[in-house]
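Read off the chains here:
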Amino acid sequence: QVQLVESGGGLAQPGGSLRLSCAASGSIFSINSMGWYRQAPGKQRELVATIISGSITNYADSVKGRFTISRDNAKNTVYLQMNSLKPEDTAVYYCNAVLRHTAVVKPMNYWGKGTLVTVSS
């Protein structure tokens, strides 16, 4: 079994910063990708950022230039540095990992339980 544990959410003022972390643990052979998604009240879950093989990144247009995703492969941990936060960034942020349990099985998709980010003055 695999667990994704997020941390770092909370309250920030507009223009402020927060850093999210997500550590993957358990039966992991390799991780294809890790990323962050978010879901605001009354809206569908949406992509925020992903990182593949520790270096190839992809961002939603709404966060480009403000958020930075990074990964520590040795620790199976992904980070999301969020700067210049806006009220519309308020959401529950979910960690995602696509990983293999062994070399011969296909990759599987896992989600964390989410961490709330609130941007308000």
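Note that the coordinates shown come from a computational prediction; the quantities given were computed from them, not determined experimentally. (Residues numbered from 1 in each chain as written. Predicted model: local features only at pLDDT ≥ 70, side-chain atom pairs only at ≥ 80, totals over all residues. Heavy atoms only, no water.)

### Let's talk about the sheet that holds strand S1 (residues 2-7)
For clarity, the cut-off: A pair of strands is considered paired only if DSSP assigns at least 2 bridges between the two. Secondary structure counts use DSSP, requiring at least four H or I residues in a row for a helix and at least two E residues in a row for a strand, with both numbered from the N terminus. An axis is simply a line fitted to the C-alpha atoms; with a helix, the fit covers only the stretch in contact. Between two such axes, the angle follows the N-to-C directions and lies from 0 to 180 degrees.
Taken in spatial order, the 4 strands of this open sheet run S1-S3-S8-S7, and their pairing is antiparallel. Whereas interior strands pair on both sides, the edge strands pair on one side only; in this sheet they are S1 and strand S7 (67-72). Averaged over all pairs of adjacent strands, the angle between their axes in this sheet comes to 15°, without regard to strand direction. Where strand S3 (residues 18-26) meets strand S8 (residues 77-82), 6 bridges bridge the pair, whose relative direction is antiparallel. Its bridge partner lying in S8, Leu18 is registered against Met82.

### Quick notes on the pairing of S3
Regular strands place side chains that alternate from one sheet face to the opposite one. The pairing of S1 with S3 spans 6 bridges and is classified as antiparallel. Following the sheet pairing, Leu4 is matched in S3 by Ala24.

### Let's talk about the side chain of His101
Where we set the bar: Definition of a polar contact: a pair of N or O atoms within 3.5 Å, with one able to donate and the other able to accept a hydrogen when the atoms are protein atoms, and with sequence-neighbouring residues admitted only if both atoms are side-chain atoms. In this description, contact between two residues means that some pair of their heavy atoms is separated by no more than 4.5 Å.
The residue His101 is located in the loop between strand S9 (91-100) and strand S10 (108-111) in this model. Within polar-contact distance, the side chain of His101 engages the backbone oxygen of Ser27 at 2.6 Å. Looking at His101, its side chain comes within polar contact range of the side chain of Tyr110, at 2.5 Å. Ignoring any residue separated from it by four or fewer positions in sequence, one finds His101 in contact with Val2, Ser27, Ile28, Phe29, Met108 and Tyr110.

### Structural notes on the pattern of salt bridges
Rules: Any Lys or Arg side-chain nitrogen located within 4 Å of an Asp or Glu carboxyl oxygen qualifies as a salt bridge. Partly exposed describes any residue whose relative accessible area lies between the buried limit of under 20% and the exposed limit of over 50%, with all areas from a 1.4 Å probe on protein chains only and scaled to the type maximum.
Enumeration over the complete set of coordinates arrives at 4 salt bridges. Of the charged contacts in the structure, one is a salt bridge between Asp89 and Arg38, with a shortest N-O distance of 3.0 Å. Of the two residues, Asp89 sits in the loop between S8 and S9 while Arg38 sits in strand S4 (residues 30-39), which places them 51 residues apart along the sequence. Relative accessible area serves as the criterion here: at 0%, Asp89 is assigned to the buried category. Of the charged contacts, one joins Arg66 and Asp89 as a salt bridge, the two residues approaching to 2.7 Å between their closest N and O atoms. On the criterion of sequence distance, the pair formed by Arg66 in the loop between strand S6 (56-59) and S7 and Asp89 in the loop between S8 and S9 is long-range, its members being 23 residues apart. Both residues of the pair, Arg66 and Asp89, count as buried. Connected via shared salt-bridge partners are Arg38, Glu46, Arg66 and Asp89.

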